[in-house]
Structures are given as structure tokens and as C-alpha cells.
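Listed below are the residues making up each chain.
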Amino acid sequence: MGNDSSAPSARPRNRRGEGARLRDDILAAAVELLEETGTETAVTLRSVARKVGIAAPSIYRHFPDQPAIMLAVVRQAFDELTAQLRAALDAAGDDPRQRLLAVCHAYLEYSREHPERYRTMFGGVWMPALQDSSVTADDMLALGQAALQLLTEALDACVTAGASTSTDAYTDTVALWLGLHGLAHQQASTVAFPWPDGIAERLIVTLAHLKTE
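Worth saying up front: this structure is predicted, and the values here are computed from it rather than measured.

*Asks:* Please set out the pattern of salt bridges residue by residue, giving values where relevant.
*Replies:* All chains considered together, the criterion is met by six salt bridges. For the salt bridge of Arg117 with Glu35, the shortest nitrogen-to-oxygen distance reads 2.5 Å. Of this pair, Arg117 sits in helix H5 (residues 115-122) while Glu35 sits in helix H1 (residues 19-37), and the two are 82 residues apart along the sequence. On the accessibility criterion, Arg117 (14% relative accessible area) is buried. By relative accessible area, Glu35 is classed as partly exposed at 35%. One salt bridge connects Arg117 with Glu80, and the closest N-O pair in it is separated by 2.7 Å. In this pair, Arg117 sits in helix H5 while Glu80 sits in helix H3 (residues 66-91), placing the two residues 37 residues apart along the sequence. The network of salt bridges with common partners includes Glu32, Glu36 and Lys51.

*Asks:* I'd like a rundown of helix H8 (residues 169-189), residues and numbers included.
*Replies:* Compared with an ideal rise of 1.5 Å per residue, which puts 21 residues at 30 Å, H8 spans 30 Å between its outermost C-alpha atoms and is within 8% of the ideal. If you check which residues of H8 are buried, you get Ala169, Asp172, Thr173, Leu176, Gly179, Leu180, His181, Leu183 and Ala184. Each element contacted by the buried residues of H8 is listed here: helix H4 (96-113), H5, helix H7 (145-160) and helix H9 (199-207).

*Asks:* Before we move on, can you summarise the nonpolar core with the specific residues and values?
*Replies:* Proteins that are soluble and globular tend to have nonpolar side chains buried together. Counting residues in each nonpolar core, the largest one holds 59 residues, and the members touching the most others are Ile26, Val48, Ile59 and Leu100. For this core, the secondary structure elements donating two or more residues are H1, helix H2 (45-52), H3, H4, H5, H7, H8 and H9. No other element matches H3, which puts 13 residues into this core. Setting aside its immediate chain neighbours within four residues, Ile26 contacts Val48, Val52, Ile54, Ile59, His62, Phe63 and Ile69.

*Asks:* Describe the packing of H4 against H9, with residues and values.
*Replies:* Packing of H4 against H9 leaves a shortest axis separation of 11 Å and a crossing angle of 125 degrees. Relative to H9, the element H4 lies oblique. Both H4 and H9 take part in a crossing whose hand is right-handed. Residue-level inspection shows Arg97, Leu101, Cys104, His105 and Leu108 of H4 in contact with H9, the latter providing Ala200, Glu201, Ile204 and Val205. Split by residue class, the contact of H4 with H9 holds six nonpolar, one polar and two charged.

*Asks:* Talk me through the packing of H3 against H7; I want residue IDs and the actual numbers.
*Replies:* Orientation of H3 relative to H7, taken along the N-to-C sense of each, is 25 degrees, at an axis distance of 8 Å. Of the possible angle classes, the one that applies to H3 and H7 is roughly parallel. Seen from above, H3 lies across H7 with left-handed handedness. Only Ala146, Ala147, Leu150 and Ala154 of H7 make contact with H3, whose side of the interface consists of Leu81, Thr82, Leu85, Arg86 and Leu89. When grouped by side-chain class, the residues that make up the contact of H3 with H7 number seven nonpolar, one polar and one charged.

Calculation rules
- Residues numbered from 1 in each chain as written.
- Predicted model: local features only at pLDDT ≥ 70, side-chain atom pairs only at ≥ 80, totals over all residues.
- Heavy atoms only, no water.
- Salt bridge = Lys/Arg side-chain N within 4 Å of Asp/Glu carboxyl O.
- Helix = DSSP H or I, 4+ residues; strand = E, 2+ residues; numbered from the N terminus.
- Buried < 20%, exposed > 50% of the residue type's maximum accessible area, 1.4 Å probe, protein only.
- Expected span 1.5 Å × (residues − 1).
- Contact = heavy atoms within 4.5 Å.
- Core = buried A, V, L, I, M, F, W, Y, C linked by side-chain atoms within 4.5 Å.
- Axes fitted to C-alpha atoms, helices over the stretch in contact; angles between N-to-C directions.
- Parallel < 35°, antiparallel > 145°, perpendicular 65-115°, else oblique.
- Left-handed = near helix turned anticlockwise from the far one by under 90°.
- Nonpolar A, V, L, I, M, F, W, Y, C, P; charged D, E, K, R; others polar.

Rendered as C-alpha cells:
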């Protein structure tokens, strides 16, 4: 037992002031477990501690419970998504129509590049019991707001420029997000379906009420 090579090696103790590094290591281990297994149930205090090389009670200094770890995982994923959408907007130039198309395609690209993370963000893989954990309703409501704001602003700009006939940009943004999410989900789970060429652009143009060029 003492020479079991499969046992995780103990993690060196952090020097004073390096507690943030341990928090980052815990978060990275949780993301790894999620992507290796595809299920949130694999992310336990014990499994995360084993991967980091620490005792499970050490996690409590940074996360009060397992849902708090998952909240951090999902927050990080939304930060990544928002950064990818913003980069697409910045690279798309000044034309509002092209900027909206770019941010929508970037959303679909993120779902393809990070399927396990995306499923956790939107697919119902992670559904914390709010009454039994440190995660609050406000925590859940805040998830994804920055990404949705970018999408709303992109559609608003199309309306201002006369490129969209939308009369309710926020509602149409939510409808557009639902369309993008549905397409992302179905393309991930229905691998044999013969998707028509240009289906994403047709969906975006329709739901965003973009005028035909």
C-alpha cells in the first residue's frame, strides 16, 4: 500500500500568499474531470482532491461544497464564451450585420470546441439544489448575462443601422439565443442528420429579422 504507484503524489505545500494558486488548481482539476467523464457527478470533493494531490478537507478553505466548485467551473466557461464572442466582434469590423453574424457563429464554434463544458453550461447536466448548497438563485441568474448582453448589443446595432426590422431587440435576442442553442445541441447529439448548407445563417437571419442583402 505504501508503494502503490497509482496513488496520487502529495502536492507541495503552498508558500504564504499562494492560496489563490491552490484554488486555481482545484478548479482546473474539476474541469479536467468533467471533460474526461462528461458528467458532473464525477466532480466530487474526493476526486478533485485526489487529482490535485491534497486532502479533501483542504478544499473547504476555497470552496464550501461541491456545488460551489461546479459554479466556479461554469462561471469560468461563461467567461471563456464571452471572451470568444468579444474577439469575434472585434475581428468582424464595423458592419453591424457582419458583427452579429460573427458573434452568432462564434457561439456555435464554442459549443463544438468544448462540448462537455457547453453541456454543463446549458444542457441540464448541472442543476444544483439551491436549498441544500451554498449556490444561490442570484448566482444562477448571473450566469451568461455578459454573453447575452453582447448578443443584445449586436442586434441593437443592426436595428439602429436599419439592417434589422426587430421591434423588441431583447426578446428577439432571447429567441435568437434559443435558436442557436437548439442548433448547437442538435448538431452535437444528431451526428447522422444531413444538415443543409447555410442552416446556421438562415436561422440567424430569420430570428434576428435581418433584411436580405
